[in-house]
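Listed here are the chains, written in short residue letters.
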Amino acid sequence: MNLSTFQNYLWIAETTLTFVLFALVFARGLHRRLPLFAAYVALLVVETVAVHWTYHHWGYTSSAARYVYWSSLGIVLLARMLAVAELCWRSIRSSPAVWAITRRWLALLALALLVYALVGAARNNSPAIALLLTAERSLDFGIVVIVFALLRLRRRYDVWLGAVERNVLLGFAAYSAFQTVNDAFMQKWMMYYFRWWVSASVVSFEITLLIWIAPLLRPLPPPAPPSILFSKEESVTLLMQILERMRRIAEEMKRIARSKWK
Amino acid sequence: MLSAILAILLLFAVVALLREDKARERRKAIQRDMPREQLLPRHYKSFVDIEKKLWEATEASQRTADWERTRIKLRGAELQVVRDYVKGLREDFSQGNRIFSVVIGRSPDEQILKQLEWHRMKIEFPYYASLALVRFRLRMDRVSPRELQRLTQAVATMAYEVRSILQVFENGGHGDSVESLLREY
């Protein structure tokens, strides 16, 4: 399969942007703040190099190319999932109880995605490929849901993020939303326009790369320390007192309401 | 197909939620120099004045024993007063809720978090229900004193609980944390 000139440009742009992002992540020290995201970016570079090297040496339709493509897709998917989990942890780590609850929901969601992918794979003639494709689809939708839920939680407990983390979240959400739309349309109506649609998918990833690159063009601001008001023991004592007061207030309000409506 | 529509809607919501960060930064900058009293819920205290204005705006025939239950048709100036009051109540509630959020969000214990969250939900539900009702009536240039009273009561409960939270901190010798709570979040 030959690529058109436009597709070649897109491919060159994607590769360049991936390398620029990789260089900036390590030059700005983001790997110390978001190690799993840095690992994901590094794997994107490895994937790009490995896939193109394989295509160049063994050809696009060779079994080696097939093996390298699908295995690298699996690894990158796993890395993406871990990078999103890391962002969740970084976002709400200053709320230990909220994180403890969120962690369980995330684990449950990951399990549900895996089971869904396994069921999809079991019905298919190429179970390994079907597993990866179903996992990718469900993960894309899962990421959009997770990022939204995370931002709602962040708002509910007044926990805020730095500019870089915000952009990383936005990038993941934008790319995953596009991929979800892509999958939905591809299945039904877009196979005829396959090449254009693949190009659109590449463009969406390039936009994501630009979203990630933008805050890294300037030196990173120092990370905000986790906003902890009190030590653990002190927090528990004070919150117990607050809870007790609230119970008394609720009782008082009930009593007032009863006397008022009598 | 449903997943695609949902994904697009969620993406828009994500962008909107991320844009709130800028508004938060602006608010924080303003809060730093504000007098402390303005950082706490206060508009709800003027309910008596509003009630008096509504009584004056009521036609003589409607001034009955169950006046509170009537739906008063308001003229331009009175309508604006009630709208401003409701806007103030919303500001009060968001101020109170924010302080509540910071305090319970930092809870190291799951059980305490759940119980405090339950308390908050018991205030939030009547607040949002009353607010929706009052805003719906205001769209039709009407207001019911009873509904406005319920809305005020929900805001007053939130304000009371927040003041009691701050009191616990101050009594425990954490005056600096109270200042940080009011100005840095």
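A. The arrangement of the nonpolar core in detail. By size, the foremost hydrophobic cluster in this structure holds 55 residues, and its most contacted members are A:Ile242, B:Leu54, B:Leu148 and B:Phe169. Broken down by secondary-structure element, the contributors of at least two residues to this core are helix 5 (96–122) and helix 9 (232–261) of chain A together with helix 2 (47–57), helix 3 (76–105), helix 4 (110–139), helix 5 (145–171) and helix 6 (175–183) of chain B. With near-sequence residues (within four places) excluded, A:Ile242 lies in contact with B:Val103, B:Leu116, B:Ile165, B:Val168 and B:Phe169. Counting 48 residues, the second largest nonpolar core, distinct from the first, contains A:Leu73, A:Leu77, A:Ile92 and A:Leu139.

B. Quick peek at the side chain of B:Arg120. For B:Arg120, the position within the fold is in helix 4. B:Arg120 sits in the buried class, given a relative accessible area of 0%. What B:Arg120 contacts, discounting residues up to four positions off in sequence, is A:Arg156, A:Tyr157, B:Asn97, B:Phe100, B:Ser101 and B:Ile104.

C. Quick peek at a nonpolar patch on the surface. Residue and element names in this part refer to chain A. Judged by side-chain polarity, Trp105, Leu108, Leu111, Val115 and Val119 come together as a nonpolar surface patch covering roughly 520 Å² of accessible area. In this structure, Leu108 sits in helix 5. Looking at Leu108, the relative accessible area reads 51%, which means it is exposed.

D. The pattern of salt bridges, seen in detail. Per the counting criterion, the structure on display carries 22 salt bridges over all chains. Note that A:Glu252 is salt-bridged to A:Arg255, the shortest N-O span being 2.8 Å. You can see A:Glu252 and its partner A:Arg255 sitting in helix 9, three residues apart, about one turn around the helix. The exposure class assigned to A:Arg255 is partly exposed, which follows from its relative accessible area of 44%. With a closest N to O distance of 3.0 Å, B:Glu147 and B:Arg137 form a salt bridge.

E. Spotlight on the packing of helix 4 of chain B against helix 5 of chain B. All names here are of chain B. At a closest axis distance of 8 Å, the pairing of helix 4 and helix 5 adopts a crossing angle of 145 degrees. In the packing of helix 4 onto helix 5, the handedness of the crossing is left-handed. Counted together, Ile123, Pro126, Tyr127, Ser130, Leu131, Leu133, Val134 and Arg137 of helix 4 and Glu147, Leu148, Arg150, Leu151, Ala154, Val155, Thr157, Met158 and Glu161 of helix 5 form the full contact between these two elements. Of the residues in the contact of helix 4 with helix 5, the class split is eleven nonpolar, two polar and four charged.

F. Representation of the interface of chain B and chain A in the model. With 54 residues of chain B in contact, the opposing surface of chain A contributes 54 residues. Our count for the contact surface shared by chain B and chain A stands at seven salt bridges. Note that B:Glu20 and A:Arg155 form a salt bridge whose closest N and O atoms lie 3.1 Å from each other. Where chain B meets chain A, there are 16 residue pairs in polar contact (both at pLDDT 80 or more). Looking at the side of chain B that touches chain A, the element that brings in the most residues is helix 1 (residues 2–31) of chain B, giving 15 residues.

Scoring rules and cut-offs
- Residues numbered from 1 in each chain as written.
- Chains lettered and ligands numbered in written order.
- Predicted model: local features only at pLDDT ≥ 70, side-chain atom pairs only at ≥ 80, totals over all residues.
- Heavy atoms only, no water.
- Core = buried A, V, L, I, M, F, W, Y, C linked by side-chain atoms within 4.5 Å.
- Buried < 20%, exposed > 50% of the residue type's maximum accessible area, 1.4 Å probe, protein only.
- Helix = DSSP H or I, 4+ residues; strand = E, 2+ residues; numbered from the N terminus.
- Contact = heavy atoms within 4.5 Å.
- Patch = residues over 30% accessible without salt bridge, like charges linked within 9 Å, V, L, I, M, F, W, Y side chains within 5 Å.
- Areas by Shrake-Rupley, 256 points an atom, 1.4 Å probe, with all protein chains shown as cover.
- Salt bridge = Lys/Arg side-chain N within 4 Å of Asp/Glu carboxyl O.
- Axes fitted to C-alpha atoms, helices over the stretch in contact; angles between N-to-C directions.
- Left-handed = near helix turned anticlockwise from the far one by under 90°.
- Nonpolar A, V, L, I, M, F, W, Y, C, P; charged D, E, K, R; others polar.
- Polar contact = N/O pair within 3.5 Å; in protein donor to acceptor, adjacent residues only side chain to side chain.

The quantities given are spatial measurements derived from coordinates; they are silent on function.
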